[in-house]
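Listed below, chain by chain, are the residues.
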Amino acid sequence: MNILLKHTLRSIAKSKSQALMIVFTIVIITIMLFVSFSVSDIFYNINIAEYSRVAQGADMLITSDLNGDTFSSAHVEKLLDPNDNVQSEYFLRFNSVMKTTDDSKVIIVEAVDLSEYLNNHTLEFAERWKGDTAIVSDTPYIEYYPVILGETFAKNANISAGDLIEIYVPTYDMYAKLIVLYIAKNTGIFSIGAGVNVLLDFSAIGVIGVINAVYLKFNDPGDYQKYETIFKQAYPELTIEEGNRASYAKEITMNNTLLFVAGLIFIIAVMMLIQLTSYLVISRKRMSEMIIFKASGATPLQVTFIMLVEVLIYALIGLSIGLVAGRLAMQIISSSLLSAQINIISYPFWKYVLSALIAIFVSIAACLSPILSGARKSIRELVAGAQRNIKPTNLVAFVISTVLVIGLAIMLKFITGIGVVIVSCFLIIAAGLFIYLSATPIIKFLSFLFRKLKASGGIAISTLSSFKNKSLRSITILLSTVFAFTFIVASVIDLVKLAVVPYNSRFQSDYVIVSLQKRDVAGYDRIRDSITSISEIKSVGYINFGVLMAPDNPIENLDGYINTYGARDFESVEMVCENLSSDAKERWNSTDHPVIVNSELMIKNNWQIGDTISFLPTSTDFVDYDFTFLIIGIDYSVTSYDRVMYVKITDFSMMFDSTMFLVNIDQNLSTEDEQLLFLVVRDAAENAASDDNKVGQIYALRYDEWAYSGTSDTSKGVSNLLLLLQVAIYLISVLGIINVSIVAIFDRKQELLVYKLSGMTTKNYSMFSLGEASIVAITSSFIGYILAFVINGLLPSMSALVAKYIDFGIFPRSGVFLGLLISLAFVIIWFVVSLLNNKKIHLNSINERLF
Amino acid sequence: MSLLNAIDVVKRFGETTILDSVSLSVDSGDFLSITGASGSGKSTLLTILGGIDKPTDGQVLIDGKDITKMKENELSILRRTTIGFVFQFFNLAPYLTVRENILLPIILSGKSQKSYSSKFEQLVEYLGIQDHVSKLPDKLSGGEQQRVAIARGLIFDPKMILMDEPTGNLDSKTGNDIMKLLKDINKNLNTTIIQVTHSEKNAQFANRIINISDGKLVETTNKGPGVDEHTA
């Protein structure tokens, strides 16, 4: 074996703990790189999963997007040329509820020609009803037609094959009683585990030939364009796109991936810092070796090469483990998120090679600075040791950088477009300069303050040495950077997570009663009053739902659609809006046509409180109405979709689709009493709404069921994945702090020996460590918070990437929490490591060369 | 009563006996040199006498108190108030100025620095480092750094100073100056000095020389040239 290689291996063996830390960081970096190369696949497939589940490989989807419009399957059939041999599959899909004896659940009804569907698609069944027959009546929609449920849904709802369930059919305003023929395994149309879809025959709900979605599969791919033209002409109001809505999914995927990668870059940067600090220790230990090599005639290039070989060894070990672990991580992630489509994610050779190459590059880049610095130094400089005292800070440069950071951050609030990118670049440079220059003056100032409080003992020593110690400044800079990086990554992940926050979660109540029938206000009040009369009910509000459009938006521009709610009174508004200002109620009551607008719309359209806006109807039926409102308040709810506003019900009674009653109950009820109360409320609502034996187009749901049950397990999976990522980032930050602390404290062993030699007691030493830790933590938090403030200014541009417009406020509140958390973690870690180090300091090694 | 009494001190590292039943008595005002070949155990003896290391067996009494039985905190206070240390590599805190380094034991004891300001002024003037008090150690020469270390050792008026090769890292001229200074301190301040040295010449500055060989002490009474001869 090459003698230098042999020597390097022996050297590594002498620095086991730091070598392990470097290898560990490279493993993590490689895993993250490998995962990131597949994350786009994951996002894409998660987004496409819901559509693919129904499409099952179809080329084209023609749909009214569940907006209530229907069309005729016979008409669609007529438009298909028999010679093209196009396969068609018709659906009537709608949201509904399933009623059981003790609960109500949200479902998506998927009506098809069931026998044909089962002929064309292979469904695996977990359970099958063994009864004589499924259909026992010729009268449809009354009872006992068959229905198929997904395995997970059935399990969650405690339903078995052979059970009878009731499904609300809005067309007939009745509950259809159906028998569960099969419980299907989570494949095919039931492939989304927590999906709430039920599959039944058109006849079960008394609908023949009326559909709202058709999937077409072409023999000749060229037919796509031909039929796109035909159907666009025939159905201009319908959506016509790829069967699995690939373009839509791609757009969402690109945005999410972009954000994810931005977060990843910051994570890798933090990992590089950890790697650098670890290597700094190793390179110091290698100082004597460098002297020997140089004394033996090695050139700086040769010394660089020798040191690089060591880093390469770390990189090769780390990336080998990382690639294997990355592949395993992907297997776990994809199987938990995309159980049915696990094979969609591919692992071509380039993913391995590129991950490995970047990991090597990152490893070398992280360690290059100490290597080059050591290689360049003369033997005399190396023998003299590192100069670790700080030079005085250039106060002018410090003031300039401070002014620049604040000025550019403020500027960012007022500019748009390409200017944001340019100012952001300058801001990052200014922020870097600020961190570098500000650490020492702030440490010095804090030391001065601490010294005023305590002029003797261990703390006093820390106040005398902290601002002259280069290592402490480096730690402060690292800690500030970790703080800032953690803040930005956490913020970015929060943004990505918004995409899976259910829309309905914006409303706050215990029960939600949805009425689909249009009534006058007296009719709604009657329902409200009947519920309010139940003694355990605390309050009931209600809102009408409809859609208006922002001014100057052409009707086909979906981006201009605004979900509009007509609220019965201000109490109803308070149940659906977050952080309303204190004077909103007074304004609501005293204004003729008030509107409370969600913050996203306010930012997107640059509206202000006090603006008068004229909205447009979505249908020409309402062009004669005036939809002009005065903005009197802002709703700060944030969910996956926030183009929402609230007006008075009297201003909006002419057009709406449905009404929601929001019911709050006594919170002190037992579980049994609450279950009973739900049934009482459900009956009361149905009774108050019923007319001529019809249900009255009304159904009741518990809040969690209504708000979250439609959330698929993939969405939950994404949310959990992102949460895991966030936790990983906090862990990495803590790991970084531990490593930096160990590096810094153990590196100062000899300095601490002098203190001990001069009579430093354990109490002195503890106070000294606490003093240093506090000074560093406070300084880092202060600088980190300023950086978070700067980053906060960049967040609106980032959120615009995913078409979200969020008011982040001028001062990031989460930054305060994060600052306290990181400071506390640092003080504890530093203190513990110091105490451990104290045990390792033996004064009998004092007569060695110390500095 | 002697200031320091080492009674039957034994130090073993594994199977190897470094100090073999060493007994030694040092009176107030003594200047003692401990000499011996490399690895003879002279530095080990010094660290045991200063409470830095513990003997395997035996007692070390300072002012009648057995320091081998003392807890670490008691030893810290002893080091701060009764014993000053000076070592070959100066051992100054790199992030403290000369002034702060000298006052380090005072700061650690929680005493007012002001009450020691005149003592501090006297010391830095006596040691010739009054122009360097605001400097950091890396701005000083080796001789100056060693003077700062001596000043730190003296600031609390210790009863004795223990030194391990105090001039080992200095050129001969500077080393000689430091030794003369130490002799001066011993004479004028009546501070007991115990030094370990391998230099025959430096050993002669003491009024007692002890040679250590095979873990045992051999005392050579020294009435030799001392400081007068060296200053000549």
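Cut-offs and rules
- Residues numbered from 1 in each chain as written.
- Chains lettered and ligands numbered in written order.
- Predicted model: local features only at pLDDT ≥ 70, side-chain atom pairs only at ≥ 80, totals over all residues.
- Heavy atoms only, no water.
- Helix = DSSP H or I, 4+ residues; strand = E, 2+ residues; numbered from the N terminus.
- Buried < 20%, exposed > 50% of the residue type's maximum accessible area, 1.4 Å probe, protein only.
- Contact = heavy atoms within 4.5 Å.
- Areas by Shrake-Rupley, 256 points an atom, 1.4 Å probe, with all protein chains shown as cover.
- Buried area = accessible area lost by both parts, 1.4 Å probe.
- Salt bridge = Lys/Arg side-chain N within 4 Å of Asp/Glu carboxyl O.
- Polar contact = N/O pair within 3.5 Å; in protein donor to acceptor, adjacent residues only side chain to side chain.
- Nonpolar A, V, L, I, M, F, W, Y, C, P; charged D, E, K, R; others polar.
- Pairing = 2+ DSSP bridges.
- Patch = residues over 30% accessible without salt bridge, like charges linked within 9 Å, V, L, I, M, F, W, Y side chains within 5 Å.
- Axes fitted to C-alpha atoms, helices over the stretch in contact; angles between N-to-C directions.
- Parallel < 35°, antiparallel > 145°, perpendicular 65-115°, else oblique.
- Left-handed = near helix turned anticlockwise from the far one by under 90°.
- Phe/Tyr/Trp six-rings, centres within 6.5 Å; stacked < 30°, edge-to-face > 60°.
- Lys NZ or Arg CZ within 6 Å of the ring centre and 35° of its normal.

Details of the overall build of chain B
Stage number 1. On a plain count of helices and strands, chain B comes out with 8 helices and 10 strands.
Stage number 2. Across the 232 residues of chain B, 59% fall into the buried class.
Stage number 3. For chain B, long-range pairs separated by at least 24 residues make up 69% of all intrachain contacts whose partners lie at least 6 apart in sequence.
Stage number 4. Of the roughly 9,500 Å² of accessible surface on chain B, a fraction of 46% belongs to carbon and sulfur atoms.

Some points on the interface of chain B and chain A
Stage number 1. At the junction of the two partners, chain B supplies 31 residues and chain A supplies 33 residues.
Stage number 2. Both faces considered, chain B and chain A share a buried interface measuring about 2,900 Å² in area, 60% of it formed by carbon and sulfur atoms.
Stage number 3. For the pair chain B and chain A, the interface holds 1 salt bridge.
Stage number 4. Taking the shortest distance from any N to any O, the salt bridge between Glu100 of chain B and Lys468 of chain A comes out at 2.5 Å.
Stage number 5. For the pair chain B and chain A, the interface holds 8 residue pairs in polar contact (both at pLDDT 80 or more).
Stage number 6. Elements that contribute at least two residues to the side of chain B that touches chain A include exactly helix 2 (72-81), strand 6 (83-87) and helix 3 (98-109) of chain B.
Stage number 7. Class assignment for the residues of the side of chain B that touches chain A results in 15 nonpolar, 8 polar and 8 charged.

A closer look at the pairing of strand 7 (residues 164-169) of chain A
Consecutive residues of a regular strand have side chains that alternate between opposite faces of the sheet.
Residues and elements named next belong to chain A.
Stage number 1. Bridge analysis of strand 3 (residues 87-99) against strand 7 gives 2 bridges, and the strand direction is antiparallel. When the bridges of strand 7 are listed, Met98 appears paired with Ile167.
Stage number 2. Bridging between strand 7 and strand 8 (residues 174-184) involves 6 bridges; their strand directions are antiparallel. Bridge assignment links Leu164 to a residue of strand 8, and that residue is Ile179.
Stage number 3. Where strand 7 folds back onto strand 8 in an antiparallel hairpin, the turn is made up of 4 residues, including Asp173, whose phi is positive at roughly 50°.

Quick look at a nonpolar patch on the surface
Stage number 1. On the surface, a nonpolar cluster with roughly 510 Å² of combined accessible area is contributed by Phe349, Trp350, Val353, Leu354 and Leu357 of chain A.
Stage number 2. Look at Phe349 of chain A and you get exposed, because its relative accessible area is 65%.

What about the sheet that holds strand 5 (residues 65-66) of chain B?
Where strands meet in a sheet, backbone hydrogen bonds hold them as pairs that are either parallel or antiparallel.
All names here are of chain B.
Stage number 1. The antiparallel open sheet is built from 4 strands, whose spatial order is 2-1-4-5. Lying at the two open borders of the sheet, with one neighbouring strand each, are strand 2 (16-26) and strand 5.
Stage number 2. Of the pairings in the sheet, the one linking strand 1 (residues 4-13) to strand 2 comprises 7 bridges and is antiparallel in character. Bridging from a neighbouring strand, Phe13 pairs with Thr16 of strand 2.

Considerations on the packing of helix 16 (residues 521-532) of chain A against helix 20 (residues 671-689) of chain A
Residues and elements named next belong to chain A.
Stage number 1. Following both chains from N to C, one finds helix 16 and helix 20 inclined at 150°, their axes separated by 9 Å at the closest point. One element, helix 16, and the other, helix 20, form an angle in the roughly antiparallel class. For the pair helix 16 and helix 20, the crossing hand works out as right-handed. Counting all contacts with helix 16, which are made through Arg526, Ile527, Ser530 and Ile531, the residues of helix 20 involved are Val681, Ala684, Ala685, Ala688 and Ala689.
Stage number 2. The residue makeup of the contact of helix 16 with helix 20, split by class, is 7 nonpolar, 1 polar and 1 charged.

Quick word on the packing of helix 3 of chain B against helix 4 (residues 117-127) of chain B
The packing of two helices is summarised by the inter-axis angle and the distance between the axes.
Residue and element names in this part refer to chain B.
Stage number 1. At a minimum axis separation of 11 Å, helix 3 and helix 4 run at an interaxial angle of 120°. Taken as axis vectors, helix 3 and helix 4 run oblique relative to one another. Seen from above, helix 3 lies across helix 4 with right-handed handedness. Of the residues in helix 4, those in contact with Arg99, Ile102 and Leu103 of helix 3 are Phe120, Glu121 and Val124.
Stage number 2. Tallied by class, residues from the contact of helix 3 with helix 4 come to 4 nonpolar, no polar and 2 charged.

What about the environment of Asn188 of chain B?
Residue and element names in this part refer to chain B.
Stage number 1. Among the secondary structure elements, Asn188 is positioned in helix 6 (residues 172-188).
Stage number 2. Here Asn188 falls in the exposed class, since its relative accessible area comes to 52%.
Stage number 3. Counting along the chain gives 159 residues from Asn188 to Gly29, while the straight-line C-alpha distance between them is 9.8 Å.

A closer look at the side chain of Ser505 of chain A
All names here are of chain A.
Stage number 1. Relative to the helices and strands, Ser505 resides in the loop between helix 15 (470-498) and strand 13 (511-515).
Stage number 2. On the accessibility criterion, Ser505 (10% relative accessible area) is buried.
Stage number 3. In contact with Ser505, not counting residues within four places along its chain, are Thr639, Tyr703, Ala707 and Tyr708.

Here we look at the packing of aromatic side chains
All names here are of chain A.
Stage number 1. Under the criterion given, the structure shown has 31 aromatic pairs over all chains.
Stage number 2. Relative to Tyr565, the ring of Phe507 lies with its centre 5.5 Å away and its plane at 75°, an arrangement referred to as edge-to-face. With Phe507 in the loop between helix 15 and strand 13 and Tyr565 in strand 15 (residues 561-567), the pair connects residues that are 58 residues apart, well separated along the chain.
Stage number 3. Here Phe507 falls in the buried class, since its relative accessible area comes to 0%.
Stage number 4. By relative accessible area, Tyr565 is classed as buried at 2%.
Stage number 5. Ring geometry for Tyr565 against Tyr646: centres 5.5 Å apart, planes inclined by 25°, an arrangement best described as stacked. Taken together, the positions of Tyr565 in strand 15 and Tyr646 in strand 19 (residues 644-648) put the pair 81 residues apart, joining distant regions of the chain.
Stage number 6. Feature note: the residues Tyr503, Phe507, Phe545, Tyr565, Tyr641, Tyr646 and Trp706 constitute an aromatic cluster, connected by ring pairs.
Stage number 7. Over the ring of Tyr175 we find Lys99, and its NZ or CZ is 4.3 Å from the ring centre.
Stage number 8. For Arg702, the ring lying beneath its charged end belongs to Phe678, and the centroid distance is 4.5 Å.

Details of the side chain of Ser355 of chain A
Residues and elements named next belong to chain A.
Stage number 1. Note on placement: Ser355 falls in helix 10 (residues 349-376).
Stage number 2. Here the side chain of Ser355 touches Lys351 through a polar contact of 2.5 Å, landing on its backbone oxygen.
Stage number 3. When residues no more than four places from it in sequence are discounted, the contact partners of Ser355 are Thr30, Leu33, Phe34, Phe37, Leu323 and Trp350.

What about the pattern of salt bridges?
Residue and element names in this part refer to chain A.
Stage number 1. The final tally for this structure, using the stated rule, is 25 salt bridges over all chains.
Stage number 2. Of the charged contacts, one joins Lys99 and Glu686 as a salt bridge, the two residues approaching to 3.1 Å between their closest N and O atoms. Within this pair, whereas Lys99 is found in strand 3, its partner Glu686 is found in helix 20, the two being separated by 587 residues in sequence.
Stage number 3. Residue classification places Lys99 among the buried positions, given a relative accessible area of 13%.
Stage number 4. Looking at Glu686, the relative accessible area reads 13%, which means it is buried.

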